[in-house]
Amino acid sequence: MRSNLRFGLLLEVLDKLAEDAALRYVRRSYPAARVVTAAMDSMRVRGVPDETRDMVLRARVNLVGTTSLEVGIRIEQPGRPAQPGRPAQRGKPAQPGVAASDPVVHIASCYFTMVARLRDEDGTERSVPLPGLAYRSKVDKARAERARERRAGYRDYVHAAEAPPSAEEYALLRQLHEAQEEPDAKILLASGLKVEGWERTYVEHENVPHKIFGGYVAHRAYMGAHICSEMVATHRGLLVSVDRINFHQPVRMGDKLHYISRVAFTGKTSVTVETSIMRISRDRKSTALSNVCTFTFVNVDPELRPMPVPQIYPTTYAEDARYLAGYRRHQAHLAERAG
């Protein structure tokens, strides 16, 4: 199957690699420190993965704040060496001095915010201040500046997401609601497009002592989202983007996790699924939202050509809010492509 990449497992590997890169920096000052994932910034898939080629992940620390640091990871597939009798194409060599018949493919880039933590003798954990990062070259300074812009951009995004609908957006939602009042309307209601799952965490999922590996939770969320997307996608759903994932609450060993995936928005050929993850403590005295993950898939045929998907119709206020958030992300993506 073409482009048959396990993106859920990739999210798990990316989180672990970001942790390793952050630890190498933090433990220069605090040998006993650990790092936890605070957030994974948005990731957009920019190249079609080739299931027959290796994948290379390159991580580096881009920016260091007071107690947190950003780790950027570039995901790419190297070019394949030229075969005898086959003309080499232009592209970056897979290895120094070796011509490549196929160019390097930039699959995606993603950015993790990691927080340095230290456990005191009495067992309490606290965040620790980090030494500043020396930005020696112009490239290092440019990466740090882009990291600051991403942080500011996310604050603007949160502010915009809380804004009430514009006149155009209100008209769109009204049109969707009025269509549901038509007699014998054959429409796809958002309320029926939901997948749920339960899981209990075990010791093999542990990362930081007594806390569960965030990449594992993201992996499971992706699997539920992909299954949910198939309720709308007429062919096969390929991941095109992952919205920012904030880790609101740590998940501890023995917790129960409740995954709820809902189709939030559909474009012409895309399906956006929002997965919320609730954690219930082992003693059942605490219930809290751990994560909200948003994945967008494109509906493709066996030749990876985008295919149309049906319109979904929100009914409740919560469904309207999810639809509006997906619509705004979609419009921002179209504006980015046009620019």
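Note: the structure precedes this text.
A few points on the structure. In this text the structure is predicted, and so the values were computed from the model without any measurement.

Helices and strands together make up the secondary structure of the protein, namely 5 helices and 14 strands. Relative to the 2.2 N^0.38 estimate, which gives 20 Å for 339 residues, the radius of gyration of the protein is 22 Å and therefore close to what a compact globule would have. The principal-axis extents of the C-alpha atoms in the protein amount to approximately 70 × 65 × 40 Å. For the protein, the residues scored as buried account for 43% of the 339 residues in total. Considering only contacts within the protein whose residues lie at least 6 apart along the sequence, 73% involve residues at least 24 apart. Summing over all exposed atoms, the protein offers an accessible surface of approximately 18500 Å²; the carbon and sulfur share of this is 52%. Within the protein, one finds 50 positive and 40 negative side-chain charges whose respective centroids are separated by 6 Å.

Under the criterion given, the structure shown has 4 aromatic pairs. Aromatic side chains Tyr222 and Phe295 sit 5.7 Å apart centroid to centroid with 75 degrees between the ring planes, which places their arrangement in the edge-to-face category. Of this pair, Tyr222 sits in helix α4 (residues 214-229) while Phe295 sits in strand β13 (residues 287-300), and the two are 73 residues apart along the sequence. Using a relative accessible area of 10% as the deciding quantity, one classes Tyr222 as buried. Relative accessible area serves as the criterion here: at 0%, Phe295 is assigned to the buried category. Aromatic side chains Phe265 and Tyr327 sit 6.4 Å apart centroid to centroid with 65 degrees between the ring planes, which places their arrangement in the edge-to-face category. Here the residue Phe265 occupies a position in strand β11 (residues 256-266), and Tyr327 occupies one in helix α5 (residues 317-338), the gap between them amounting to 62 residues. The same class applies to Phe265 and to Tyr327, which are both buried. Here the aromatic cluster, defined as three or more aromatic residues joined through ring pairs, consists of Tyr222, Phe295 and Phe297. It is Arg150 that lies over the ring of Tyr111; its NZ or CZ is 3.5 Å from the centre. Seen from the ring of Tyr154, Arg244 lies directly overhead, with NZ or CZ sitting 3.9 Å from the centre.

Quick notes on the rules
- Residues numbered from 1 in each chain as written.
- Predicted model: local features only at pLDDT ≥ 70, side-chain atom pairs only at ≥ 80, totals over all residues.
- Heavy atoms only, no water.
- Helix = DSSP H or I, 4+ residues; strand = E, 2+ residues; numbered from the N terminus.
- Rg over C-alpha atoms; globule rule 2.2 N^0.38 Å.
- Buried < 20%, exposed > 50% of the residue type's maximum accessible area, 1.4 Å probe, protein only.
- Contact = heavy atoms within 4.5 Å.
- Areas by Shrake-Rupley, 256 points an atom, 1.4 Å probe, with all protein chains shown as cover.
- Lys, Arg positive; Asp, Glu negative; His and termini not counted.
- Charge placed at Lys NZ, Arg CZ, Asp CG, Glu CD.
- Phe/Tyr/Trp six-rings, centres within 6.5 Å; stacked < 30°, edge-to-face > 60°.
- Lys NZ or Arg CZ within 6 Å of the ring centre and 35° of its normal.

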